[in-house]
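As a plain string of letters, each chain reads:
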Amino acid sequence: MFDISQLTMIYDMDKEDKIYAINSVDLKLPDHGLVGFMGPSGSGKSSFMYCLSTLKTPTSGEIQYNSHSFSQLSRSEQELLRRKEFGFVFQRHFLIPYMSALDNVIVAATDKKEIAISRGIQLLEDFGLKKSDMKKRPGKLSGGQRQRVAIARALINCPNVLFADEPTASLDHTSAFVVMDILKEYAKQHLVLVITHDRSILKDADRIIEIWDGKIIHDQLISVGSKEES
Amino acid sequence: MKVVAFAWNYIKNNKHHTAVLCISISLFLTLLYCMGFILSGTYDTFHNVCVDLSDRMVYISSNEYDSSSSPAQLEAAAEKLRQDPHVEDAMVIGTMTVRVTPAIGEYNFSCPLTTAENIKKIMKHMNATLIEGDFPANDGDIIIDEKLCANRGYQLGDEVKPGYHITGILKSDYYLCMGINFEVYENNILLLSNQKNYDYTALTHDLSFPHSLKDGVTGRKSYKVDIVNSIDPSTKLITFCTLILLSICLVVVINMYIKDRHEEWCLYASIGYSTRFIYLLALWELLLTFLLSIGIAFLLILLGMYTINQLVFAGYGLLCSYFLPDSLLSMLGSLLFILGICQLPIAHSLHAVQTIDCLESDN
């Protein structure tokens, strides 16, 4: 699905001490599966994910998504890609405080309202939220519930790729594993990219990529009898 | 439209914020219209006296101390003028001055003192009917329109001028007052006109005595110069200052509200909504707020006009207009100005919209 070649992201280009957030990374990502990205703070994990999701423009290199190069997409085409093909789960849930849980889910929907509401309710029910909780505003929900609502929002359009940046950072262990179970289930037919510091939540990941100082130092495919490193 | 649904969702779920804006704008619109309504009590009353009355009753006044205008000459002039097709009738009369006092200012105008027969002709010409009291029969009997009565606080039997008492009350479209003359020198010719805004200067040009003319044309000039030009600048200044003050307050308030929306707008940008969508969202929220404000203002204006009419106009015999195109135009212009000025905080905030990755970096 993704073909990344010589991807580089440099901050503070004008200064003498340039910061290489991503340094000449080559990578191929499949159509489905749960891929975890690990590394210390400032290693470039988030920058890498944001470049893949068109939120950031790399300094150099190429990203191809289903054989379409990002560099050839206009801004509106990138927006359309994010709307229809990508889903986002952020470290902070970024739920809209004045909207109910259900409204927060369907805010990202591209379908007609009736279809979006139906799918939103289904998703929230699948994630364990009661109908009464769906009408509540984020302030009245627990941390775990909020993150599940954020995931439901990310999945409302059945995106081909789900980007999850530290999705369990603000959750307790129980809620964290519930969230990861949801992502793992979704990863059976779609590509789910997860950034995390917590290796334990990647126990079911299909692939773990370790990034250090903007370079991939370890690429481990977790499947029976097969390992691949870079 | 999705953007309208989004905007309505914000308004529905943020009633306090919306209420603050709605109430501010609706009070301002109500102020504009009610100010126009109060002023209409002045403008319409003056217009009736200066213009409408002058269109129907034209006065040619000679100098009473000028010996060249003898009663015979005036009568001959009236006879000649009577032949003109623009004149329904002409009569030599005396006059008395009556004052009308609207909400702002006051105006003195002439009223005929003549014979009972002429009074009947004038009443017929002005479509006036006697609704109370008696028709003038004796020297010094006065009949007066009910509006003028209310304005001056007159009742039947009151003395309007020494020797002149009210015997009857009229109902008409004008501030009429007339009576039977017994001692005023008759140095005026009253033309009963059937023309609107007709310039009688040419008709009276070759009169053999010096005179002054008061017709619809001079009445209009007087109305514009003495009334409109003196009240209008103050009204415009009040409107302008209030508008500027309100706009500044609204910009500050909207800026505060938009700052609260910054993360929300960044989220929209991140999940693929365009800047255009976010701008239209903000614009529709404003437009829906304006629509709500107009609805509230409409109700407040109705209440305001009813109250003002009961408290001020009806009891003082003042004329007023309920439909004020100028005020409506003023309201529309003000709304457009406010909408324009509110683009500043919106544009500033749109410029600051980032995607979530930048927000996370900032944090």
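These numbers were taken from a predicted model, which means no experiment stands behind them.

What counts, and where the lines are drawn
Residues numbered from 1 in each chain as written. Chains lettered and ligands numbered in written order. Predicted model: local features only at pLDDT ≥ 70, side-chain atom pairs only at ≥ 80, totals over all residues. Heavy atoms only, no water. Helix = DSSP H or I, 4+ residues; strand = E, 2+ residues; numbered from the N terminus. Rg over C-alpha atoms; globule rule 2.2 N^0.38 Å. Buried < 20%, exposed > 50% of the residue type's maximum accessible area, 1.4 Å probe, protein only. Contact = heavy atoms within 4.5 Å. Buried area = accessible area lost by both parts, 1.4 Å probe. Salt bridge = Lys/Arg side-chain N within 4 Å of Asp/Glu carboxyl O. Polar contact = N/O pair within 3.5 Å; in protein donor to acceptor, adjacent residues only side chain to side chain. Pairing = 2+ DSSP bridges. Axes fitted to C-alpha atoms, helices over the stretch in contact; angles between N-to-C directions.

Undergrad: Before we move on, can you summarise the overall build of chain A with the specific residues and values?
TA: Counting its secondary structure elements, chain A contains seven helices and ten strands. Here chain A has a C-alpha radius of gyration of 18 Å; the compact-globule value for 230 residues is 17 Å, and the two agree. The principal-axis extent of the C-alpha atoms belonging to chain A is close to 55 × 40 × 35 Å. Taking all 230 residues of chain A together, the buried fraction comes to 52%. Taking the intrachain contacts of chain A between residues at least 6 apart in sequence as the baseline, contacts between residues at least 24 apart amount to 68%.

Undergrad: Residues and numbers for the interface of chain B and chain A, please.
TA: Each side of the interface is counted separately: chain B has 25 residues, and chain A has 22 residues. Of the roughly 2100 Å² buried between chain B and chain A, counting both surfaces, carbon and sulfur atoms make up 52%. One can count one salt bridge joining chain B with chain A. Of the charged contacts in the structure, one is a salt bridge between E263 of chain B and R92 of chain A, with a shortest N-O distance of 3.1 Å. Run the count over chain B and chain A and you get ten residue pairs in polar contact (both at pLDDT 80 or more). At the level of elements, α1 (2-13), α8 (262-270) and α12 (356-362) of chain B are the ones that each hand at least two residues to the side of chain B that touches chain A.

Undergrad: Describe unusual backbone geometry, listing the residues and the values that go with them.
TA: Residue and element names in this part refer to chain A. Here Q6, not a glycine, exhibits a phi torsion of approximately 50°, which is positive. Considering the arrangement of structural elements, one finds Q6 in strand β1 (residues 2-11). Even without being a glycine, C158 presents a positive backbone phi close to 50°. Within the fold, C158 resides in the loop between α6 (143-155) and β7 (161-165). The partly exposed category is assigned to C158, whose relative accessible area is 38%.

Undergrad: Got a sec to walk through the sheet that holds strand β6 (residues 86-89) of chain A? Specific residues and values, please.
TA: Residue and element names in this part refer to chain A. In spatial order, the strands read β6-β7-β8-β3-β9-β10; together these six strands make up an open sheet with mixed pairing. A single partner strand is all that each edge strand has here, and the edge strands are β6 and β10 (215-221). Direction aside, the axes of adjacent strands within the sheet are offset by 15° on average. Where strand β3 (residues 33-38) lies against strand β9 (residues 207-212), four bridges are found, and the strand directions are parallel. Within β9, the residue paired with V35 across the bridge is R207. Where helix α7 (residues 173-186) meets the sheet, its contacts fall on β3, β7 and β8 (191-195), and the angle it forms with β8 comes to roughly 150°.

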